[in-house]
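Descriptive analysis of the structure
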Amino acid sequence: MNWSLSDLMKHREPLHFNENLDLKEDLINRSFGISDASLIKVDGYAIKDRDAVLVSAKVTGKIVIPSSRSLKLVDLNLDFSISEYYAVEGTNLDRFGPEETVLPVEDDQIDFSRAVADNIILQIPMQVFAPEEETGDEPMPSGNDWEVVSEQDAEKAQTNHVDPRLAKLKDLFNSESSESK
């Protein structure tokens, strides 16, 4: 989905687009974790707004990424919106709010496919778990001399664990108070 900014600026009516993008190769090359991607459905409008163009679109699809815990492949459904302004270099950006995304256009070309791929990568959460890992039905991974423990189990182990070198000190104050009586 490549457009010329000058052509979009000539449109009096909003330009509607509804396309299926094959971004699989681009996403796999740009993101370490993505191993597969369905066709990405993009439905939206490009609207002239003075000296800029607002592109607003709904993006849906699916990517496959590894679980944060076990590295099992997990389907991640995508369903989000993009709203970005594309402006000619030298445009006064003061009229745009701090929450609005404004991107400069070089060589009069807007590569919206690239913008969709960028936003998909940004949608990947920091932690993704397989459904059985989320419900706790599957045991935590382990190996020779190591195991993964939950945060709750780690906190319990820390509070219950006393360093054996310091174990005798825990009764120090008890013995002093009984001697002073």
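Above: the structure in question.
Residues numbered from 1 in each chain as written. Predicted model: local features only at pLDDT ≥ 70, side-chain atom pairs only at ≥ 80, totals over all residues. Heavy atoms only, no water.

Comments concerning the overall build of the protein
Counting its regular elements, the protein contains six helices and 10 strands. In terms of overall size, the protein is more extended than a compact globule, its C-alpha atoms giving a radius of gyration of 27 Å where 181 residues would be expected to give roughly 16 Å. Dimensions of the protein, computed from C-alpha atoms along their principal axes, come out at roughly 95 × 40 × 25 Å. A buried classification covers 29% of the 181 residues belonging to the protein. Carbon together with sulfur atoms contributes 49% to the accessible area of the protein, which is approximately 12,600 Å² in total. Distance from the positive charge centre (18 side chains) to the negative charge centre (36 side chains) of the protein: 3 Å. (Helix = DSSP H or I, 4+ residues; strand = E, 2+ residues; numbered from the N terminus. Rg over C-alpha atoms; globule rule 2.2 N^0.38 Å. Buried < 20%, exposed > 50% of the residue type's maximum accessible area, 1.4 Å probe, protein only. Areas by Shrake-Rupley, 256 points an atom, 1.4 Å probe, with all protein chains shown as cover. Lys, Arg positive; Asp, Glu negative; His and termini not counted. Charge placed at Lys NZ, Arg CZ, Asp CG, Glu CD.)

A word on the side chain of Glu 84
With respect to the element layout, Glu 84 can be found in strand β6 (residues 73–88). Polar contacts involving the side chain of Glu 84 include one to the side chain of Asn 119, which spans 3.3 Å. Once you skip the residues sitting within four places of it in the chain, Glu 84 turns out to touch Val 53, Leu 54, Val 55, Thr 101, Leu 103, Phe 112, Ala 115 and Asn 119. (Polar contact = N/O pair within 3.5 Å; in protein donor to acceptor, adjacent residues only side chain to side chain. Contact = heavy atoms within 4.5 Å.)

Details of the nonpolar core
Of all hydrophobic cores here, the largest spans 35 residues; its most connected members are Val 42, Ile 63, Phe 112, Val 116 and Ile 120. Elements supplying a minimum of two residues to this core: α1 (5–10), β2 (15–21), β4 (40–49), β5 (52–66), β6 and α3 (112–123). In this structure Val 116 touches Leu 21, Leu 23, Ile 40, Val 42, Val 59 and Ile 82, once residues within four positions along its chain are discounted. Of all hydrophobic cores here, the second largest spans five residues; its members include Ala 52, Leu 54, Tyr 85 and Phe 96. (Core = buried A, V, L, I, M, F, W, Y, C linked by side-chain atoms within 4.5 Å.)

Honestly, it's all geometry; don't read function into it.
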